[in-house]
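# Fold and contact review
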Amino acid sequence: MKFTAAQIAGILEGEVEGDPEVEVSKLSKIEEGIPESLSFLSNPKYTQYIYTTKASAVIVDKNFKAENKISTTLIRVND
């Protein structure tokens, strides 16, 4: 089953930053992200992977501030 970032954001009451139509069909760890996967960033020790993950979408806290360019679509949610 595939979901768009916009659909996931709607379920989680979040906001999409990036492509709202990007589709995901599986889950992955942020450090092992692959295309069409959804991941999340909750532990600050994994922040470095947000810049290199291949996951199509990543769930992050609304207050997350990127220090470098991010190529994945972010779904910002309340913690």
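The structure we're discussing is the one just above.
Residues numbered from 1 in each chain as written. Predicted model: local features only at pLDDT ≥ 70, side-chain atom pairs only at ≥ 80, totals over all residues. Heavy atoms only, no water.

### Describing the sheet that holds strand 5 (residues 37-40)
Quick reminder of the rule: Here a strand pair is declared whenever DSSP counts at least two bridges between the two strands. In DSSP terms, a helix is any run of H or I states spanning at least four residues, a strand is any run of E spanning at least two, and both are numbered starting from the N terminus.
Ordered in space as 2-7-6-5-4, the five strands form an open sheet in which the pairing is mixed. Only two strands of the sheet have a single neighbouring strand rather than two, namely strand 2 (15-17) and strand 4 (26-27). Judged from the three bridges that link them, strand 5 and strand 6 (residues 57-61) form a sheet pairing that is parallel. Each residue of the ladder has a partner; that of Ser 39, found in strand 6, is Val 58.

### What to know about the side chain of Thr 53
Spelled out, the test is: For every residue, the accessible area (1.4 Å probe, protein chains only) is compared with the maximum for its type, and the residue is labelled buried under 20%, exposed over 50%, or partly exposed between those bounds. Whenever a nitrogen or oxygen atom comes within 3.5 Å of another N or O atom, the pair is scored as a polar contact, on the condition that within protein one atom can donate a hydrogen and the other can accept it, and that pairs from neighbouring residues in sequence are kept only if both atoms are in side chains. We call two residues in contact when some of their heavy atoms are within 4.5 Å.
Along the chain, the position of Thr 53 falls in the loop between strand 5 and strand 6. Assessed through its relative accessible area of 6%, Thr 53 is described here as buried. Side-chain polar atoms of Thr 53 contact the backbone oxygen of Ile 30, separated by 2.9 Å. Setting aside residues up to four positions removed in sequence, Thr 53 forms contacts with Ile 30, Gly 33, Val 58, Ser 71 and Thr 72.

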